[in-house]
Amino acid sequence: MTKFFITKHSTYLGLKKIITYLFLFVVSISYSQKSDPPKNLNEAQKNKKKLNQEIKNLDAVLSQTKTSRNITMLHVQALNIKISKREELIQTINYEINLINKQISQTQKDINKKSVELDTLKSRYRKLLRYAQRNSSNHNRLMFVFASKDFNQAYQRVKYMQEINTKRREQADSILSKQKKLSMFKESLITQMAAKKELLTSEEQEKVVLSNEKSEQVNQLSQLTSKEKELKSELEQKKKALAAIDKKIKDMIAEIALKEQRARELEREKKKNAVATSKPKSKKTEKEVTKATTDPDEELSADFSGNKGKLPWPVSNGVITQGFGPYEHPKIPDFILVNSGVNITAPSKGSNARAIFDGEVTMIADMPDGNGKIIFIRHGSYISVYTNLQKVIVKSGDKVKAKQTLGEIGVDEENGTTINLQIWKGQSKLNPEDWLFKG
């Protein structure tokens, strides 16, 4: 979970300084790194859809904390992230508008080009019509043929008249085709202009909402300045419990490693005894046996590590409300916290936690405060850890599949419906955000 490190500095900070700290905190948010500008409209629309869903989830998280008397840490974090997402959404809409502007410009060029081509074709067609009208009667055509010097010239004149008729039909068809394309381009231009108008309206609406959210952020800040001493006292009380969670997880990881080491040693001892009492085997067979009894963790580890950035989230729907590693407490400047994993908050109570990869449940332990469970799942050389679970439906030794339900996520006033996911390799903690699917 998280671990608090308090600096010695205890001077009361004024509102101006707190605003500066909060600004730095908001700027340092890295849970959802802004992506590169979209290359096309489909990519822009996909990004916009994703951001709208994340904002919707954050709205649900914020609604959970509105019933609380006090402004919770989760509420502050969720609002800060939501503002960041809203700004990214506005930027994405701008990208989309720019892309549509390029489309509109290209469509207008196509319309101009097709209009010129159509005018040229119509001019040529008018000339052919005038010629056809002058030689429209059978008498004129026959006279033109009979006036030939010889048979070869007569044949050439007949072919010439046939070619003129064919050319006239081809140009008529070409004119109709280009008129159809020109009509399509004009309809496309109308659609693009309407889409641009809709995006501009949407952008203005998002800017209004963003302004309101920033006003709420300032109001929260003013409320926090009067509660700093009270909040520091609460953090002191929680610090020991939070540190105990980290210590317990680390101890459990070490205990799991020790048990597995003993199990491997026992297995090797059994195989040695079995080989000693069995018939002698050829050297080739012994080599094959040695290869077959190599630690199987390598293959499992390769499967897990090969899916970096592709693993499913431990909740079917949620947002990262606190990233991995050290960060400043959003309420109290100079309080530095360290998250051993990532906090993911589900938008509704009763949400389930699920396994991020195939593996074996190696241990289920109680949270240090007795409220909730911690589940450890082995994936080869890696272990995933899920804290703050209640109504656990798996047991130690169970084989689980990716996305399989483990239990229900616990709920409390301070953290909402939040699970802390950790990933360990040996005694090293890894950043889960590097492993989870970015979407």
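None of these values were measured; they are calculated from a predicted model.

(A) Representation of the overall build of the protein within the structure. Secondary structure summary: the protein contains eight helices and 14 strands in total. Evaluated residue by residue, the protein yields a buried proportion of 40% over its 439 residues.

(B) Representation of the packing of aromatic side chains within the structure. On inspection of all chains with the given rule, the structure shows four aromatic pairs. Relative to Trp435, the ring of Phe304 lies with its centre 5.0 Å away and its plane at 35 degrees, an arrangement referred to as tilted. With Phe304 in helix α8 (residues 297–305) and Trp435 in the segment after β14 (428–430), this residue pair connects regions lying 131 residues apart in the sequence. Accessibility assignment for this pair places Phe304 and Trp435 in one class, buried. A connected cluster of aromatic rings, assembled from ring pairs, spans Phe304, Phe357, Tyr382 and Trp435.

(C) Geometry of the environment of Leu389. Along the chain, Leu389 falls in strand β9 (residues 382–390). In this structure Leu389 comes out as buried when scored by relative accessible area, which is 0%. For the pair formed by Leu389 and Ile374, sequence separation is 15 residues and the distance between their alpha carbons is 6.5 Å. When residues no more than four places from it in sequence are discounted, the contact partners of Leu389 are Ala353, Gly372, Lys373, Ile375, Leu406, Gly407, Glu408, Gly410 and Ile419.

(D) Layout of the pattern of salt bridges. Under the criterion given, the structure shown has 17 salt bridges. Between Glu87 and Lys214 there is a salt bridge; the shortest N-O distance is 3.2 Å. With Glu87 in helix α3 (residues 73–134) and Lys214 in helix α5 (residues 151–225), the pair connects residues that are 127 residues apart, well separated along the chain. For Lys214, a relative accessible area of 36% puts it in the partly exposed group. Residues Asp398 and Lys395 are paired through a salt bridge, measuring 3.2 Å at the closest nitrogen-oxygen approach. Three or more residues are tied together by salt bridges with common partners; here these are Asp59, Lys82, Arg86, Glu206 and Glu213.

(E) Here's a closer look at the nonpolar core. In terms of nonpolar packing, the biggest core is built from 25 residues, with Phe304, Ile356, Ile375, Ile377, Tyr386, Leu406 and Ile419 touching the most fellow members. For this core, the secondary-structure elements that each account for two or more residues are β5 (342–345), β8 (373–379), β9, β11 (405–409) and β13 (416–425). Other than its neighbours up to four places away in sequence, Ile356 contacts Phe304, Leu311, Pro312, Trp313, Pro314, His379, Ser384, Tyr386, Ala402, Leu421, Ile423 and Leu436.

(F) Broad picture of the environment of Val319. Here Val319 shows up in strand β2 (residues 319–322). Residue Val319 is classed as buried on the basis of its relative accessible area of 6%. Residues Val319 and Ile55 lie 264 residues apart in sequence; the distance between their C-alpha atoms is 9.1 Å. Ignoring sequence-local partners within four residues, the contact set of Val319 consists of Glu54, Asn57, Leu58, Val61, Trp313, Asn343, Ile344 and Thr345.

(G) Inspection of the side chain of Asn388 at higher detail. Of note, Asn388 is situated in strand β9. Taking relative accessible area as the criterion, Asn388 reaches 10% and is therefore assigned buried.

(H) Here's a closer look at unusual backbone geometry. Phi is positive for Asn388, close to 65 degrees, though the residue is something other than glycine. Unusually for a residue other than glycine, Lys403 sits at a positive phi of about 75 degrees. With respect to the helices and strands, the residue Lys403 is situated in the loop between β10 (399–400) and β11. With relative accessibility at 51%, the residue Lys403 sits in the exposed group.

(I) Broad picture of the confidence of the model for the protein. On average, residues of the protein score 76 in pLDDT, and 74% of them reach the 70 mark or higher. For residues 1–33, every residue scores under 50 in pLDDT, and the model assigns this stretch 79 contacts once sequence neighbours within four places are set aside. Here residues 280–301 is a poorly scored stretch, pLDDT under 50, and it has 13 contacts once near neighbours within four places are set aside; other chains count.

(J) The arrangement of the environment of Lys50 in detail. Inspection of the secondary structure puts Lys50 in helix α2 (residues 41–65). Owing to a relative accessible area of 32%, Lys50 belongs among the partly exposed residues under this scheme. Along the primary structure Lys50 and Leu89 are separated by 39 residues, whereas in three dimensions their C-alpha atoms are 9.4 Å apart.

(K) Examining the pairing of β5 more closely. Neither face of β5 is open: one carries Val342 and Ile344, the other Asn343 and Thr345, and all of them are buried. Bridging between β5 and β13 involves four bridges; their strand directions are antiparallel. Considered in β13, the bridge of Val342 is made with Leu421.

Criteria and thresholds
- Residues numbered from 1 in each chain as written.
- Predicted model: local features only at pLDDT ≥ 70, side-chain atom pairs only at ≥ 80, totals over all residues.
- Heavy atoms only, no water.
- Helix = DSSP H or I, 4+ residues; strand = E, 2+ residues; numbered from the N terminus.
- Buried < 20%, exposed > 50% of the residue type's maximum accessible area, 1.4 Å probe, protein only.
- Phe/Tyr/Trp six-rings, centres within 6.5 Å; stacked < 30°, edge-to-face > 60°.
- Contact = heavy atoms within 4.5 Å.
- Salt bridge = Lys/Arg side-chain N within 4 Å of Asp/Glu carboxyl O.
- Core = buried A, V, L, I, M, F, W, Y, C linked by side-chain atoms within 4.5 Å.
- pLDDT = per-residue confidence, 0-100.
- Pairing = 2+ DSSP bridges.

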